[in-house]
Amino acid sequence: VGTGWGTAGLIETDNAGYAYTPDVGIDANGNAVAAWFQNDGTRENIWSNRYVVGTGWGTAVLLESDNAGAALSPQVAVDKMGNAVAVWSQNDGTRNNIWSNRYVVGTGWGTPALIETDNVGGAYAPQVAVDEMGDAVALWYQSDGSRQNIWANRFIVGVGWGTPALLETDNAGSALDPQVAVDGGGNALGVWRQSDGIRDNIGANRLVEDYPPALSLVSPVNGLSTNQSSVWVGGVTEPGATAAVNGI
């Protein structure tokens, strides 16, 4: 704004193989995280780089090191504070599974986590969205041996990923091409394309936030002793939530 586009910049320099299908997310301050898959001469891996306003792009980092098979279809979402969640589809030598990794500002990327364990068939095309507090919802389609179905999993900060849930039970035909969006309070909406045996239609399902809102106290510090008659209590919780201290 006020300047226009700058000069194109290369954000990966690994020339062992080609790089494909980048995705990007951005926080409230303009910092961004990009993810893509790239061939190392043998298989595809998931890579990421981070952009910081005033500094620029950093150094590309590998998000997974499972070399059993190719890792594809990365998607990334960033919360308002700059924390990110990446998801992708990765082959274990037999089938494709859905994996995730999380970036925390000041800490970096964590350890990849398997977010689905149904080995009846392959899982593909993951999508992810995050709310303002960093909680995430991921969707993908997965084969049950006969058709493709839409599945979801949910990430809660401080808790981790939950148990995958089947979002639709219409077995007339396959369900594909999931997309997901999350509002500031953690409610999610998933949509997808689904065959009724004759034509493709659009299906949807909605997640209503049912997990206790995150609460982080800044003041007073834990263990503080005081002889004052009143104490200022301050902190952060999720949009739409209320907090009471001694009935106030």
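Every chain is numbered independently, its residues counted from 1 as its sequence is written. Owing to the predicted nature of the model, reporting of local features is limited to residues with pLDDT of at least 70; listing and counting of side-chain atom pairs is limited to 80 or more, with chain, interface and lining totals taken over all residues. With hydrogens and water set aside, each side-chain value is computed from the structure's full complement of heavy atoms.

Caption draft 1: Expanded view of the overall build of the protein chain. Each helix is a run of H or I in the DSSP string that is no shorter than four residues. Each strand is a run of E no shorter than two, and both are numbered from the N terminus. Within the protein chain, the regular secondary structure consists of zero helices and 20 strands. Along the longest, intermediate and shortest principal axes, the C-alpha atoms of the protein chain span 70 × 45 × 40 Å. Per-residue accessibility, obtained with a 1.4 Å probe over protein chains only, is compared with the maximum for each type, and a residue is labelled buried under 20%, exposed over 50%, and partly exposed between these values. Residues counted as buried form 41% of the 248 residues belonging to the protein chain. Throughout, a residue-residue contact means that at least one pair of heavy atoms, one from each residue, lies within 4.5 Å. Counted over contacts in the protein chain with a minimum sequence separation of 6, partners at least 24 positions apart contribute 39%. For the protein chain, the accessible area works out to roughly 13,600 Å², and carbon and sulfur atoms hold 53% of it. In this tally Asp and Glu are treated as negative and Lys and Arg as positive; neither His nor the chain ends contributes. The atom standing in for a charge is NZ when the residue is Lys, CZ when it is Arg, CG when it is Asp and CD when it is Glu. Side-chain charges of the protein chain comprise 10 positive and 25 negative groups, with the mean position of each set lying 3 Å from the other. The method behind every accessible area is Shrake-Rupley, applied with a 1.4 Å probe, and residues are considered shielded solely by the protein chains displayed.

Caption draft 2: Just the environment of Gly110, in detail. Following the sequence through the fold, Gly110 ends up in the loop between strand S9 (108–109) and strand S10 (113–114). C-alpha of Gly110 to C-alpha of Ser100: the two residues are ten residues apart in sequence and 9.6 Å apart in space. Setting aside chain neighbours within four positions, we find Gly110 in contact with Asn101 and Arg102.

Caption draft 3: Summary view of the side chain of Glu44. Within the secondary structure layout, Glu44 lies in strand S3 (residues 44–52). Arg43 provides the closest opposite charge to the buried, salt-bridge-free Glu44, at an N-O distance of 8.0 Å. Reaching out from Glu44, the side chain makes a polar contact with the side chain of Asn39 at a distance of 2.6 Å. In what follows, salt bridge is the name for a side-chain nitrogen of Lys or Arg lying within 4 Å of a carboxyl oxygen of Asp or Glu. Here a polar contact means two N or O atoms within 3.5 Å. Within protein one must be a hydrogen donor candidate and the other an acceptor candidate, and residues neighboring in sequence count only if both atoms are side-chain atoms.

Nothing here speaks to function; it is all geometry.
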